[in-house]
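These are the residues of each chain, in order.
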Amino acid sequence: MSTIRITKQFNFETGHALYGYDGKCKNVHGHSYKLSVTVSGKPITDNTNVKFGMVIDFSDLKKIVNEEIVDIFDHATVFNKNTPHVELAKELMDRDHHVLLVDYQPTSEMMVIDFAQKIISRLPNNIKLHSMKLQETDSSFAEWYASEN
C-alpha cells in the first residue's frame, strides 16, 4: 500500500512581542496565523474498520491540533518568559488577559518547532508528522520538515 500525505489547515489569532528585536516587532502586535499540518501514513486496508481507506480521520487530526495549539494560542499574547516582558505579562494576566509564557523567542520559526513537538507526541505510532507551515502574513511563513529534523 502506498504512503499518503494528508494536510489539514487551521487559523488562529495570536499576539506577541519580540524582546530585544531591533525592528517594529519589538512592540506588542498580532497576526492572523495560518497553520498547515501534513502527516503521512498508509491508508487503513481493513474494510471492517470505520476508518477504512483513511490515513487518519481529518477530525482526529483536527482534535489533536486544536487541543495542543489552536485552543491554547488563539487570542493569546505570547511572551518569552526569560525576558523582562514577564512583567508586562503579569500585568495583563492580572487584568484577565490570556497570556502564554514560553521558554523561547515567540517567532514563527520557534513556534513551529514547538508545535511540531506537541503534535508528534499525540500522533498514533503509524502516523508521522511530515511537515508544518506556519504563516504569519500573506508573504511570510516558517516551515518544519521531518526529513530535516
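Residues numbered from 1 in each chain as written. Predicted model: local features only at pLDDT ≥ 70, side-chain atom pairs only at ≥ 80, totals over all residues. Heavy atoms only, no water.

Structural notes on the pattern of salt bridges
Considering all chains together, one arrives at eight salt bridges under this definition. In this structure, the salt-bridge partner of Lys 34 is Asp 138, at a minimum N-O distance of 3.8 Å. Here Lys 34, found in strand 2 (residues 29-41), pairs with Asp 138, found in the loop between strand 5 (128-137) and strand 6 (140-145); they are 104 residues apart in sequence, far enough to count as distant. Classification of Lys 34 as partly exposed rests on a relative accessible area of 39%. The exposure class of Asp 138 is exposed, given its relative accessible area of 67%. Between Lys 118 and Asp 114 there is a salt bridge, with its nearest N and O atoms 3.4 Å apart. (Salt bridge = Lys/Arg side-chain N within 4 Å of Asp/Glu carboxyl O. Helix = DSSP H or I, 4+ residues; strand = E, 2+ residues; numbered from the N terminus. Buried < 20%, exposed > 50% of the residue type's maximum accessible area, 1.4 Å probe, protein only.)

A few points about the nonpolar core
Of all hydrophobic cores here, the largest spans 32 residues; its most connected members are Leu 35, Val 37 and Met 132. Contributing elements (two or more residues each) for this core: strand 1 (4-16), strand 2, helix 1 (58-73), strand 3 (76-80), strand 4 (99-102), helix 3 (108-120), strand 5 and strand 6. Sort the elements by how many residues they give to this core and helix 1 lands first, with six residues. Residue contacts for Val 37: discarding those within four places in its chain leaves Ile 6, Thr 7, Lys 8, Phe 10, Leu 61, Val 65, Ile 119, Leu 129, Ser 131 and Met 132. Within the second largest apolar cluster, five residues are counted, among which are Ala 17, Phe 79, Ala 89 and Val 99. (Core = buried A, V, L, I, M, F, W, Y, C linked by side-chain atoms within 4.5 Å. Contact = heavy atoms within 4.5 Å.)

Any link to function would need more than the numbers given here.
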